[in-house]
Amino acid sequence: MRQTFIFLMGFFFSTVLLAQTVTVKGRLISASDQDGLPFATISVAHEATPTSSLKKLATREDGTFSIPLAAGKYVFTFYFIGLNTVEKLVEVLPTKDPFDMGVIEMTENSVELQEISITAQAPLVKVEIDKLTYNAKNDPESSTSNVLDLLRKVPLVTVDGEDEIQLKGSSNFKIYMNGKPSNMISSNPSQVLKSMPANSVKDIEVITDPGAKYDAEGIGGIINIVTDKRADDGYSGSVGANGDTFGGYGGNAYLATKYGKFGFTGNAGYYDFRRPKSESSFYREETNPVNRLSLDGTNKGSGSGLHFSGALSYEPDTLNLFNLSISHFGGDFNSISSQKGVSEGVRPYSYDTWSNSRSQYGGMNLSTDYQRNFKRKGEMLTVSYRYEYNPNDSEYESEYENVEGTFYYPDGYKMKSANNAGGNEHTGQVDYVNPLNGKHSIETGLKYIFRDNSSIGDHTFFDVEESVWKPDLNRKNDLDHQQDIVSGYAGYGYKIGKVGMKVGLRAEHTQQDIHFMNVNQDTTIHTSFFDLVPSATLSYQLGMTQTLRGGYNMRISRPGIRVLNPYVNDVDPNNISYGNHRLDAEHQHNFNINYGSFSQKFNINATLTYSFARNAVTNYSFIRNGVTHNTYDNIGRNSMVGTNLYLSWTPIQMIRAYLNGGVSYTDLQSTQDNELRNSGFSGRGFGGITFSFPNDIRAGLTGGIFTGRVQLQTKQSPFYHYNLNVTKSFLDKKLDISLSVMSLFSKYREFSSTTTGEGFSQKNKMLNPMRNINLSVTYRFGDLKSSMKKVQRTISNDDVMQNQDGNSQGGSTPVQGGN
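Summary of the structure given here. (Residues numbered from 1 in each chain as written. Predicted model: local features only at pLDDT ≥ 70, side-chain atom pairs only at ≥ 80, totals over all residues. Heavy atoms only, no water.)

1. Details of the environment of Thr547
Among the structural elements, Thr547 can be located in strand β30 (residues 546-557). With 419 residues separating them along the chain, Thr547 and Glu128 place their C-alpha atoms 8.4 Å apart. Each residue touching Thr547, except ones within four places of it in the same chain, is listed here: Glu61, Val127, Tyr540, Gln541, Leu542, Asn594, Tyr595 and Gly596. (Helix = DSSP H or I, 4+ residues; strand = E, 2+ residues; numbered from the N terminus. Contact = heavy atoms within 4.5 Å.)

2. Points about the sheet that holds strand β7 (residues 99-106)
Taken in spatial order, the 3 strands line up as β4-β1-β7 in an open sheet, and their pairing is mixed. The open sheet has two free edges, formed respectively by β4 (64-70) and β7, since each of these has just one partner strand. Taking each pair of neighbouring strands and ignoring which way they run, the sheet shows an average axis angle of 25 degrees. Pairing of strand β1 (residues 21-30) with β4, which is carried by 7 bridges, proceeds in the antiparallel orientation. In the strand pairing of β4, Val24 is matched with Ile67. (Pairing = 2+ DSSP bridges. Axes fitted to C-alpha atoms, helices over the stretch in contact; angles between N-to-C directions.)

3. Quick look at the packing of aromatic side chains
Any aromatic ring pair is given by two values, namely how distant the centres are and how the planes are angled relative to each other. A complete count under the given rule lists 36 aromatic pairs for this structure. A centroid spacing of 5.8 Å and a plane angle of 5 degrees characterise the contact between Phe273 and Phe333, whose relative ring orientation is stacked. Linking Phe273 in strand β18 (residues 262-287) with Phe333 in strand β20 (residues 320-345), this pair joins segments that are 60 residues apart in sequence. The rings of Tyr349, Tyr351, Tyr400, Phe407, Tyr408, Tyr409, Tyr413 and Phe461 are connected pair by pair, giving a single aromatic cluster. The ring centre of Phe374 lies 5.5 Å from the NZ or CZ of Arg372, which sits over that ring. (Phe/Tyr/Trp six-rings, centres within 6.5 Å; stacked < 30°, edge-to-face > 60°. Lys NZ or Arg CZ within 6 Å of the ring centre and 35° of its normal.)

4. A word on the environment of Phe781
Residue position: Phe781 is located in strand β44 (residues 772-782). The class for Phe781 is partly exposed, based on a relative accessible area of 27%. Sequence separation between Phe781 and Leu735 is 46 residues; the distance between their C-alpha atoms is 9.1 Å. Setting aside residues up to four positions removed in sequence, Phe781 forms contacts with Tyr235, Ser236, Gly237, Ser238, Val239, Tyr254 and Leu255. (Buried < 20%, exposed > 50% of the residue type's maximum accessible area, 1.4 Å probe, protein only.)

Listed below in structure tokens is the structure:
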């Protein structure tokens with residue numbers, strides 16, 4: 001009896017142990033870039049019956065997975081589109097502790113794929129703890145568009161009908177290229193980005209909560225453009241050309257190669273554009289003394305530009321990486337205008353004038369860095385240097401005829417002005433990051449920036465009485481502005497389960513010398529200031545595809561040459577503009593909450609933002625001696641509450657629709673004049689729908705509507721625009737031909753703005769040509785094996801339940817566990 005009892009008890013405990021489940025977990029990554037593979041399919045089978053699936057599951061967004069299993073031997077099979085299938089044999093022993101399979105790497109499939117149709121669509125937007133990432137490679141329209149067109153679809157970013165870019169409704173932000181500031185792009189974003197083919201870009205990151213490692217400059221945040229690079233040996237690229245009915249044309253080329261330890265990525269673009277004649281009117285009314293001024297004119301322009309960039313990398317081993325890059329962008333714009341002016345009241349006069357102006361813009365960027373990796377994954381030391389040169393020259397010539405009454409100039413008066421402006425910038429920095437372990441991470445670094453901005457003018461006038469050209473020393477306003485910025489930062493990150501946190505503190509010391517020169521004075525101003533810039537971000541994973549995060553950061557806007565430049569632009573003597581060399585840095589505090597959710601068919605990203613500043617650099621206007629002066633000063637006290645919403649919906653494979661926009665309420669007040677204030681709502685929205693038809697045909701409709709931004713003295717009229725486009729692919733999708741029509745039913749569009757101030761009110765109207773037809777051609781070349789990695793697939797719950805048995809192309813590695 002006793003032996004029977006012992007036998008039964010032993011059998012009972014053995015059954016309990018065998019029935020006990022053990023949590024098996026791990027992380028699936030890509031071997032080429034070490035990124036987690038989201039929603040890859042995992043099949044689990046008994047070792048005795050490897051072709052009969054016991055369970056199926058999908059990896060999470062970061063590539064991690066977990067599954068409860070009873071003790072035994074199992075075969076894990078991992079599937080992901082474009083990658084080699086991997087099998088692993090796992091022995092699960094009875095234990096209370098989870099069994100960690102560790103990191104499983106999947107390699108790229110080197111077999112060229114032909115006649116394969118991938119119908120699943122990957123999410124375009126990824127939410128991370130401090131940024132949003134738009135996957136440009138998953139956008140089907142990137143093959144025939146430019147980077148500016150891509151930005152129209154990126155959450156929190158809007159591009160209006162005049163190609164002006166805004167981030168969260170603000171025009172004050174920074175543009176980075178591959179994680180490094182680019183003044184060349186930030187100063188001329190529209191023209192530079194229009195010259196870059198979209199297929200040269202991998203991702204566009206919107207960093208709304210810049211951490212301590214980022215420069216504090218850029219009120220609205222940072223847009224980081226990540227260019228595409230090859231992960232394996234081979235080459236790929238594209239060439240393209242385009243033309244439009246305005247008379248503009250252009251071309252571009254892109255190439256990415258990697259052979260052994262060397263890699264190269266480069267692109268180049270040329271454009272020539274025409275702006276047909278537009279009409280404008282200006283009306284100003286003064287109350288003390290009473291005077292009315294009306295101006296009617298026309299304007300047309302043309303220009304051209306060239307952009308090229310190249311990046312060379314050398315990786316002698318897995319621990320060391322050297323990078324060298326160079327980029328250049330240069331262009332010019334020529335404008336011819338005519339105007340008729342009539343003034344009535346205390347200053348009666350009339351005149352006719354014409355002017356010819358020319359501006360040059362662009363820049364050159366040279367950067368190099370050394371990256372040292374360590375045995376601990378993610379631990380990295382980077383030493384880098386960057387040099388930038390950004391010219392911003394301009395000149396104009398004007399002539400006045402049929403002058404009657406008391407005008408500023410006599411009949412036949414001519415004037416010329418040339419401004420040689422620009423800046424040099426040197427940057428050196430050291431950055432170190434250490435993940436420590438799976439929960440904690442730290443980062444720290446030092447940085448030094450030297451900037452030298454200058455503006456030198458050459459002014460002459462034609463003496464009507466003596467019929468000779470003479471120098472005009474009274475218009476001399478030259479500037480030499482030097483800045484030394486020393487900064488250091490430290491950051492800490494923590495992640496456990498569904499909760500993530502990042503905090504940081506950055507210290508920046510700025511010393512500047514401003515040398516101002518005119519006919520009456522030669523003055524040098526020495527100033528310095530010290531800023532502590534905190535940042536904090538908290539995220540919570542609501543579900544496998546849902547994230548909630550919130551953050552705070554302080555941003556600084558140091559005035560650049562555009563707003564500092566004292567050069568007086570008086571091509572229109574009734575409306576002159578100039579900078580202010582006494583401007584101080586602007587400080588803005590930002591708070592935001594963000595929610596993101598995505599699935600195979602529906603994506604949503606919503607943000608609520610609150611920001612305020614007490615010394616904002618503000619454009620303002622005033623009347624002096626009958627002339628409207630437009631300049632800048634630190635007189636803005638503003639606050640803003642705003643929402644931004646991004647929606648993407650793919651009801652069926654052939655249709656994809658999206659909406660991107662937001663609404664903001666802004667309150668502005670002058671710190672010098674309590675009566676000078678303005679408040680109100682402003683909105684912006686851009687959306688589109690794309691249809692994918694058989695025979696490689698795509699058609700789309702896009703459009704945007706923008707209300708005027710709330711400014712201290714100026715109100716703008718709302719406006720809208722829309723585009724139709726059709727694309728056909730040939731030669732196994734290597735050749736794309738695209739036809740697009742902008743504002744088909746509107747040949748012209750009216751824009752207006754009204755500015756009010758003490759004793760005056762003025763209104764501007766412009767009638768600009770809008771209807772334009774563009775034809776573009778793009779041809780892609782190179783091998784296919786690398787490009788297949790870029791095709792990502794999102795697996796829905798139904799997909800996980802489907803049988804995906806297949807032949808394994810990967811190795812089978814036994815893993816012992818259960819200690």
